[in-house]
Amino acid sequence: MYKYLDIPGWFNMHDAYMNIVKYVDDGQDIVEIGCFAGRSTRFLCDALELTGKHNVKVHVIDTFEGSGMEHAEVNCNTMYDDFMRNLDDHIQSGRVQVNVNKSDNQNILDSFKDNSVAAVIVDGNHTLEVVEDDVTNWWPKVIEGGIMVGDDIRLDSVKQGCFKGFKKFGIEEVSIIAGEEGWFAKIKHSNANELGSQLKLIPGVNSMKLDG
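Quick caveat: nothing in here was measured; it's all calculated off a predicted structure.

Trainee: Tell me about the nonpolar core, and please be specific about residues and values.
Mentor: Note that soluble globular proteins tend to have their nonpolar side chains buried in a common cluster. Y17, I20, I30, L44, L48, F83 and V149 are the most contacted members of the largest nonpolar core, which totals 37 residues. For this core, the elements supplying multiple residues, two or more each, are α1 (14-23), α2 (39-50), β2 (57-62), α3 (79-86), β4 (117-122), β5 (142-151) and β7 (183-187). The element best represented in this core is α2, accounting for five residues. Excluding residues within four positions of it along the chain, I20 makes contact with I30, L44, A119, I121, I147 and V149.

Trainee: Can you explain the environment of D81? Please cite residues and give values.
Mentor: Within the element layout of this structure, D81 appears in helix α3. Given the relative accessible area of 49%, D81 is considered partly exposed.

Trainee: Any details on the pattern of salt bridges? Residues and values, ideally.
Mentor: Within the structure shown, the criterion is met by seven salt bridges. One salt bridge connects D46 with R42, and the closest N-O pair in it is separated by 3.0 Å. Linking D46 with R42, this pair stays in helix α2, spanning four residues, or about one helical turn. Neither residue differs from the other here; D46 and R42 are each classed as buried. Among the ionic pairs, K164 bridges to E132, the shortest N-O distance being 3.8 Å. Here the residue K164 occupies a position in helix α7 (residues 156-167), and E132 occupies one in helix α6 (residues 128-138), the gap between them amounting to 32 residues. The exposure class of E132 is buried, given its relative accessible area of 12%. Overlapping salt bridges, with partners in common, bring together R42, D46 and D89 in one network.

Trainee: So what about unusual backbone geometry? Which residues, and what values?
Mentor: With glycine set apart, most residues show a phi of negative sign, and most peptide bonds adopt trans. A positive phi angle is found at F36, which is not glycine, with a value near 50°. Here F36 is to be found in the loop between β1 (29-33) and α2. We note that N115 has phi near 60°; this positive angle belongs to a residue other than glycine. With respect to the secondary-structure elements, N115 resides in the loop between α5 (106-110) and β4.

Parameters at a glance
Residues numbered from 1 in each chain as written. Predicted model: local features only at pLDDT ≥ 70, side-chain atom pairs only at ≥ 80, totals over all residues. Heavy atoms only, no water. Core = buried A, V, L, I, M, F, W, Y, C linked by side-chain atoms within 4.5 Å. Buried < 20%, exposed > 50% of the residue type's maximum accessible area, 1.4 Å probe, protein only. Helix = DSSP H or I, 4+ residues; strand = E, 2+ residues; numbered from the N terminus. Contact = heavy atoms within 4.5 Å. Salt bridge = Lys/Arg side-chain N within 4 Å of Asp/Glu carboxyl O.

This is the structure:
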């Protein structure tokens, strides 16, 4: 369970990920948009394994080229190879499905039916337009009772993109967890603005693990 600590990357959403692990049923699908070198993916997959949910598939979507100012000073040349090495056992088992592309790729979107994904994690490009598109494109894929979570809601671009995307579905309210960066969460219900069961969430502090 602690292998994720040895992987470089930003990750402050432990509580959000553990809520996903708790409520996802074995055999369901999770989509993670943005995975960098695999720190968050490793945490998620190891937690699924430890809870006996051996048949949950995690579909990661990343260009593995970095995006935006947050990666401006990070060497992304080995990101794909690093991810494949860090998640090798889960990839070989078939748990992790790697999509080397952008989250708006129509072929990837078309490979998921509406109301078929238990959880979507939005943590890719943080521009307003991309966050809005991610919410717009992937919310219909979430099953009734499923969840969408997203990182870095403290950024105005993410907050605006989040609300603009959800507004297209008549959703005016999302849960926002305050912290160093903060993140958002929304459980899908037939009543668009029904908050549903309250998640017990703890804000985290985002940090980039450096070598050594």
